[in-house]
Amino acid sequence: MKKDNPRQTKGTGWHTTILSPPGSRFIWLVILTILILSFFDLIGWITDRSPASLLSSWNISMQMATSLCFIISATALAFIHNSKPGTLNSIVPKILGLTVVLAGLVSAIYYVRILMTGNEPSFLYNPLTSFILNEANRMSFLTAVNFILIGCILILLAIRNTWSSNTAHIIIIPLVIISYMVPVSYILGVQNFHGFLGMPAALNSGIAFCVFCLAILFIRPETWLMRIFYGSLSGSAMARRLLPGVFLLPIIIGWLRIKGEHLGVFDSEVGVMLVALTYTICFLAIVWFVARTVNRQELKRKMFEKELAASESNLKAIFDATKESIYVFDIHGVILTANITAANRLQYSVPEITGRHFSEFLPEQLSQTRSEKMNYVVETGKPLQFEDERDGISFQH
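The structure presented is a predicted model; accordingly, all values stated were derived computationally and were not measured.

Rules behind the numbers
- Residue positions are counted from 1 within each chain, in the order its sequence is given.
- Totals for whole chains, interfaces and linings use all residues, but because this is a predicted model, local features are given only for residues with pLDDT of at least 70 and pairs of side-chain atoms are given and counted only at 80 or more.
- Calculation of side-chain values draws on the structure's entire complement of heavy atoms; hydrogens and water are dropped beforehand.
- What we call a nonpolar core is a set of buried Ala, Val, Leu, Ile, Met, Phe, Trp, Tyr and Cys residues that are connected through their side-chain atoms within 4.5 Å.
- Using a 1.4 Å probe on the protein chains alone, a residue whose accessible area is under 20% of its type maximum counts as buried, one over 50% counts as exposed, and one in between counts as partly exposed.
- Under the DSSP-based scheme used, a helix requires at least four consecutive residues in state H or I and a strand at least two consecutive residues in state E, with every element numbered from the N terminus.
- Note on definitions: a residue-residue contact is assigned when non-hydrogen atoms from the two residues lie within 4.5 Å.
- The disulfide criterion used throughout: a pair of cysteine sulfur atoms within 2.5 Å.
- Polar contact criterion, stated in full: a pair of N or O atoms within 3.5 Å, where within protein one must be able to donate a hydrogen and the other to accept it, and residues adjacent in sequence count only if both atoms are side-chain atoms.
- Angles shown run from 0 to 180 degrees and are taken between the N-to-C directions of axes, each axis being a line fitted to C-alpha atoms and, for helices, limited to the stretch in contact.
- An angle below 35 degrees is treated as roughly parallel, one above 145 as roughly antiparallel, one from 65 to 115 as roughly perpendicular, and anything else as oblique.
- What makes a crossing left-handed is the near helix being turned counterclockwise from the far one by less than a right angle; a clockwise turn instead makes it right-handed.
- Gly counts as polar in this scheme, as do all residues outside two lists: the nonpolar Ala, Val, Leu, Ile, Met, Phe, Trp, Tyr, Cys and Pro, and the charged Asp, Glu, Lys and Arg.

(A) The arrangement of the nonpolar core in detail. Counting 52 residues, the largest nonpolar core has Phe147, Ile172 and Leu175 as the members making the most contacts within it. At the level of secondary structure, the elements contributing two or more residues to this core comprise α2 (25-46), α4 (64-81), α5 (87-117), α6 (127-133), α7 (141-159), α8 (162-188), α10 (203-219) and α11 (224-230). Looking at this core element by element, the count peaks at 12 residues for α7. Setting aside anything within four residues of it in sequence, one finds isoleucine 172 in contact with Ile153, Cys213, Ile216, Leu217 and Leu225.

This is how it looks when you write it as structure tokens:
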């Protein structure tokens, strides 16, 4: 199957800098950020004093099992990003990805069992799983789901072919949604989301997941998903411009509504109306922006077509004004076009000779000689001058 090239670049702009070989430092920076966030909390748990919880007004830090899974995932991503061929770079990330899947799966099954029966599952007392499911170490349900998705993505990326990369970027869609909603729920103060089933997902976990999603997306820019945002066409450029607003505007609008209601500036009904009005204005602004951009591109295209038509008209005038015969052939000897002088000498019009093989207008022996000359030019790519004779007239070519 076709191998991926994670360092392939095209187009221009900031996205090209990120995805170019020197810009691969961005991927390493993401991996380093995840490791720092994870070790930051891991050291806190070991010393029984979490630095992250001291810096956070929400006083919620990353669980130990979560920190370890992030370290394992970042290590696997480092192996995947190292594009040098080798068994180590292929097998190690798959093993690490499978480890993360199992850790997330055990935690998710625990929560599902509690939700359905109200009792702790029997495997809680297994020495292998008791560390992961211990109350002090246990990751939240949303974190467990995310690690299941991340583990699957890491395994697929480690396969290093087009199908697996495209599949990985399908799986990343729910991962992006959950990861994005964790910090958003903290910003908006919606604890019911990140505190699902009584075990809240930490803010720094949500940030680490978001950063991890960026690394997964940028490490494979050739997939069906990233081509839309990474291409050099006008649609891709427009998508890149609109993307920040798509993520930021709903947060800003939602935060203003919640703050307004808490401060008593307006009640809930007025808040809903104001949000609807704000979104309407924002959508109108986006429609105006898109229409203006498309119009500019259309004007540029029409100007280019007009200039091209004028250039072709000038070239055709010069082409037909020449008193020598001029033919344009394809590599098989079929006439693509000719000037009026050439057509008149054959006693045909230009449309009548276009699309026909030049041998139809020459004697057999002369046609064979010129075919040999043409084949030489096609095979060598070198110009050739020669002379032949027809009807007692010598022709220079």
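More follows now that the structure is in view.
(B) Geometry of the state of the cysteines. Using the criterion set out here, one finds zero disulfides in the structure. The thiol of cysteine 210 is not disulfide-bonded; the next cysteine sulfur, from cysteine 213, is found 6.3 Å away.

(C) Here's a closer look at the side chain of asparagine 339. Relative to the helices and strands, asparagine 339 resides in the loop between β2 (335-338) and α14 (340-345). Side-chain polar atoms of asparagine 339 contact the backbone nitrogen of alanine 342, separated by 3.0 Å. When neighbours within four sequence positions are excluded, asparagine 339 is seen to be in contact with Phe319, Asp320, Thr322, Glu324, Ser325, Ile326 and Val350.

(D) Quick peek at the packing of α8 against α10. At a minimum axis distance of 8 Å, the contact between α8 and α10 shows a crossing angle of 150 degrees. When the axis of α8 is compared with that of α10, the two are roughly antiparallel. Our pair here, α8 against α10, has a crossing hand that is left-handed. Where α8 approaches α10, its residues His169, Ile172, Leu175, Val176, Ser179, Tyr180, Val182, Pro183 and Tyr186 are matched on the opposing element by Leu203, Gly206, Phe209, Cys210, Cys213, Ile216 and Leu217. For the contact of α8 with α10, the residue count by class is 13 nonpolar, three polar and no charged.

Such coordinate-based values are descriptive only and should not be taken to indicate function.
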